[in-house]
Amino acid sequence: MTDGGALDTNRPSKARIYDYFLGGKDNYPSDRAAAAQVEKVFPNIRRAARENRDFMVKATKFIAGERGIRRFLDLGTGIPTAPNLHQVVREIQPDSRILYVDNDPVVLAHSRALGELDDTAEGLVGFVDIDLADVDRLIESDEFRNLLDEPVGVSCFGILHFFPDPVPYTIVDKIMAAVPAGSYLSITHATPDLNPALAEVGEVYRNNKMDAFPRTYAEISHFFRDLDLIDPGVVVSRLWPTSAGSPAEEVGHAKTAAEIDAEVAFFCGVARKP
Ligand SMILES: C[S@@+](CC[C@H](N)C(=O)[O-])C[C@H]1O[C@@H](n2cnc3c(N)ncnc32)[C@H](O)[C@@H]1O
């Protein structure tokens, strides 16, 4: 199941529901109705969405800054939310090339409207409207090939849990096989291991005709099996320093680590292709 095609505001979309959780304005009554069902079973979803976004910033700063990567492929971009990935990268690597991929018509419209995006020229920041279930279409595109002159930071934030097995593994494996050695893979992925309510969140999406499959720690770790994991490995995002650079420490104050992790309920990881 995909969101691709024409804009249909009568049924919810994954991109617009996520926009709602982040406090955005690009959502409709159908999205807010589905979002309310999610919040009923997982009241901390807004916090989880913010933390997911923060991990995007942390991982991207690490890959562009500490590892010097200047090519980025962002799978499942989402409706623009500041800072966007290209802004994080560009602050560190001004002459970088970034390719965004999504198949939601609202994401596409906004990304084109951002002005600095140009999906026809050689470069700099581009956008392709592709359903990632058809990953071969992406891999065969000129836009993708244009990235491959240097190692690529491949970003999969909050996207892989929207595909049934074995599709997300095929997507990751084919893309990581195509990019040069020294490329990076970053993932955030919802999990019921930290909070059993995530299994119900998956059901809410599926009841609303959107595929969603939170996965276990072992299943999420499997994405990285042929790569060199960067410390601290596949973990909760608070174990990475915050995007502002300070440690993300609430533990020991009002909440235990397990309570915080249950509120966030996703695992993240970054790995390098040897
Ligand atoms: C939860 S949002 C995540 C946005 C952003 N990566 C982030 O982490 O903040 C998931 C995005 O994946 C996109 N998406 C879902 N299924 C897709 C598919 N089959 N092909 C391309 N994009 C897809 C949705 O349209 C949405 O924009």
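Refer to the structure above for everything that follows.
Residues numbered from 1 in each chain as written. Predicted model: local features only at pLDDT ≥ 70, side-chain atom pairs only at ≥ 80, totals over all residues. Heavy atoms only, no water.

Secondary structure assignment for the protein yields 11 helices and seven strands. The C-alpha radius of gyration computed for the protein amounts to 17 Å, which stays within 12% of the reference 19 Å derived for 274 residues, consistent with globular compactness. Reported as C-alpha extents along the three principal axes, the dimensions of the protein are approximately 45 × 45 × 35 Å. Here the protein holds 274 residues, and 53% of them are scored as buried. A sequence separation of at least 24 residues applies to 77% of the contacts in the protein between residues at least 6 apart. Accessible surface, the protein: about 11700 Å² in total, of which carbon and sulfur atoms supply 52%. Placing the 29 positive and 42 negative side-chain charges of the protein at their respective mean positions leaves the two points 2 Å apart. (Helix = DSSP H or I, 4+ residues; strand = E, 2+ residues; numbered from the N terminus. Rg over C-alpha atoms; globule rule 2.2 N^0.38 Å. Buried < 20%, exposed > 50% of the residue type's maximum accessible area, 1.4 Å probe, protein only. Contact = heavy atoms within 4.5 Å. Areas by Shrake-Rupley, 256 points an atom, 1.4 Å probe, with all protein chains shown as cover. Lys, Arg positive; Asp, Glu negative; His and termini not counted. Charge placed at Lys NZ, Arg CZ, Asp CG, Glu CD.)

Turning our attention to the environment of A177. Counting through the fold element by element, A177 comes out in helix α8 (residues 167-178). A177 sits 145 residues away from R32 along the chain, and the two C-alpha atoms are 39 Å apart.

A few words on the packing of helix α1 (residues 14-21) against helix α2 (residues 29-41). Interaxial distance between α1 and α2 falls to 9 Å at its minimum, and their mutual angle equals 65°. As judged from the angle between their axes, α1 and α2 are roughly perpendicular. For α1 against α2, the interelement crossing comes out right-handed. Of α2, the residues touching α1 (which contributes R16, I17, Y20 and F21) are S30, D31, R32, A34, A35, V38 and E39. Considered class by class, the residues forming the contact of α1 with α2 number six nonpolar, one polar and four charged. (Axes fitted to C-alpha atoms, helices over the stretch in contact; angles between N-to-C directions. Parallel < 35°, antiparallel > 145°, perpendicular 65-115°, else oblique. Left-handed = near helix turned anticlockwise from the far one by under 90°. Nonpolar A, V, L, I, M, F, W, Y, C, P; charged D, E, K, R; others polar.)

What follows deals with the side chain of R71. Here R71 is to be found in strand β1 (residues 71-75). At a separation of 3.4 Å, a polar atom in the side chain of R71 contacts the side chain of E150. (Polar contact = N/O pair within 3.5 Å; in protein donor to acceptor, adjacent residues only side chain to side chain.)

This next bit is on the site of the ligand. For the ligand, the set of nearby residues contains 20 residues, the closest of which are Y18, R53, G76, D102 and D131. Y18 places a side-chain nitrogen or oxygen 2.6 Å from an oxygen atom of the ligand. Contact distances for the ligand include 2.8 Å between an oxygen atom and a side-chain N or O atom of N52. Burial of the ligand by the protein amounts to 98% of the accessible area it has alone, namely 600 Å². Elements with a minimum of two residues in the shell around the ligand: α1 and α3 (45-66). If you tally residues by element for the shell around the ligand, the top one is α1, at three residues. Its residues assigned to classes, the shell around the ligand shows nine nonpolar, six polar and five charged. (Near = heavy atom within 4 Å.)

Here we take up unusual backbone geometry. For residues other than glycine, phi is negative in most cases, and the peptide bonds are mostly trans. Going from D165 to P166, the amide bond is cis rather than trans, its omega being 0°. Residue position: P166 is located in the loop between β4 (152-157) and α8. In this model, D231 is joined to P232 through a cis peptide bond whose omega is 5°. Inspection of the secondary structure assignment puts P232 in the loop between β6 (228-229) and α11 (257-264). Positive phi outside glycine occurs at K209, with the angle close to 65°. The exposed category is assigned to K209, whose relative accessible area is 56%. One non-glycine residue, A265, lies in positive phi territory at about 60°. Among the structural elements, A265 can be located in the loop between α11 and β7 (266-272). On the basis of relative accessibility, which here comes to 1%, the residue A265 falls in the buried class.

By the secondary structure assignment, R53 is in helix α3. Among buried charged residues, R53 stands out as having no salt bridge; its nearest opposite-charge side chain is D74, 6.4 Å away. Among the polar contacts listed, one links the side chain of R53 to the backbone oxygen of T81, at a separation of 3.0 Å. In this structure R53 touches Y18, L22, T77, T81, P83 and N84, once residues within four positions along its chain are discounted. (Salt bridge = Lys/Arg side-chain N within 4 Å of Asp/Glu carboxyl O.)

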